[in-house]
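Each chain, letter by letter, is given below.
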Amino acid sequence: MSNTIVEVEDLTMAYQEQPVLWDIDVKIMKGSRTAIIGPNGAGKSTLIKGILELEKPLSGRVSIMGTNFDAIKNKVAYIPQASEVNWDFPTTVEDVVLMGRYVHLGWIKRPRKIDYEKTHQALKEIGIYEYKDRQISQLSGGQRQRVFIARAIAQEAEIYFMDEPLAGVDKRTEKIFIDFVKRIQQKGHTSIVVHHDLNTIKQYFDHVIILNKRLIAAGPTEEVFVHDNLVKANMTWGGEI
Ligand SMILES: Nc1ncnc2c1ncn2[C@@H]1O[C@H](COP(=O)(O)OP(=O)(O)OP(=O)(O)O)[C@@H](O)[C@H]1O
Ligand SMILES: [Mg+2]
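Residues numbered from 1 in each chain as written. Chains lettered and ligands numbered in written order. Predicted model: local features only at pLDDT ≥ 70, side-chain atom pairs only at ≥ 80, totals over all residues. Heavy atoms only, no water.

K.L.:
Help me get a handle on the pattern of salt bridges, residues and values and all.
P.N.:
By the definition in use, this model includes 13 salt bridges. Ionic pairing is found between D70 and K73, a salt bridge with its closest N-O pair at 3.2 Å. On the basis of relative accessible area, K73 is assigned to the partly exposed category, the value being 43%. Measuring nitrogen to oxygen at the nearest pair gives 3.6 Å for the salt bridge that ties K171 to E174. Separated by 3 residues within a single helix, K171 and E174 lie in helix 6 (residues 171-186), roughly one turn from each other. Under the relative-accessibility criterion, K171 is labelled exposed at 58%. Among the charged side chains, a salt-bridge network with shared partners connects R101, R112, D115, K118 and E156. (Salt bridge = Lys/Arg side-chain N within 4 Å of Asp/Glu carboxyl O. Buried < 20%, exposed > 50% of the residue type's maximum accessible area, 1.4 Å probe, protein only. Helix = DSSP H or I, 4+ residues; strand = E, 2+ residues; numbered from the N terminus.)

Following this line, the structure appears as structure tokens:
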């Protein structure tokens, strides 16, 4: 179908040959705001890694924009889960965000004026411009998340995979992030976001993928984000749907 941007077929992912995600069949719509939800250890991060070919599947196929990842990788932005990043790596806030622009630069080119401008604009938008020369090891948890969000904003990709970008951020940062996600949707771009706060799913996302080692359900939020599916995924929750 023409408005499918990511197609996953029969995907099984394993670490040391132990499967952690079984037989996933899922389509992600172009221009959607898609949440991936599921309990800890459900395989949410692993699904993204499978799609982006960061981990090799045990079996199955993935296509992005009708081709493989290599062909379109400069159109893809990826924000890993913060806990998977080496924050002691000696680099500055500005450099992390600027690196998001490298896809626009070609091989070993110097960043241009426009790359610095986009980087500084993004840092200002998310409120960490004053920290631009600081080492990333010297940031609070929420500030680190903001560096990642700034990087995504500066990158200008067509499809964004973001693994818990809102973990530990304040409400103001959350609002800036969601405004950004809605803005890119208006350009027809796609965001795929691992999200833990079930209270905001309906408000923030128009599509949901529910995982718990297998695919529990996927589709438009109003069809999929229902009590039965959350029970099947073993996601207990006191909120209202
Ligand atoms: N590098 C690895 N080596 C071995 N097992 C791993 C590795 N990474 C993840 N796992 C295991 O795979 C399963 C899925 O992990 P994954 O990180 O995808 O879960 P998740 O849904 O993203 O969880 P969380 O909400 O905690 O981020 C878990 O049981 C985890 O322990
Ligand atoms: Mg994860």
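K.L.:
Describe in detail the coordination of the magnesium ion (ligand 2), supporting the description with residues and values.
P.N.:
The protein atoms that coordinate the magnesium ion (ligand 2) are S45 (OG) and Q81 (OE1), at distances of 2.0 to 2.2 Å. Placement of S45 in helix 1 (residues 44-51) and of Q81 in the loop between strand 5 (76-79) and helix 3 (93-99) is noted, with a sequence separation of 36 residues between them. We classify Q81 as buried; its relative accessible area is 19%. (Donors = N, O, S within 2.8 Å, 3.2 Å for Na, K, Ca; no water.)

K.L.:
Break down the layout of surface pockets for me, with residues and values.
P.N.:
The gaps left among the atoms become clear once a water-sized probe is rolled over them. When its volume is computed, the largest pocket comes out at roughly 250 Å³. The wall of the largest pocket is formed by 13 residues, among which F69, K73, V76, V103 and Q155 lie closest to the centre. Those elements that provide at least two residues to the lining of the largest pocket are strand 5 and helix 5 (141-155). Looking at the lining of the largest pocket residue by residue, the class counts come to 8 nonpolar, 3 polar and 2 charged. (1 Å grid on protein atoms, 1.4 Å probe; cavity = no way out; pocket = protein on both sides within 12 Å on 5 of 7 lines; lining within 4 Å. Points joined across faces, edges and corners; volume = space filled by probe spheres on them. Nonpolar A, V, L, I, M, F, W, Y, C, P; charged D, E, K, R; others polar.)

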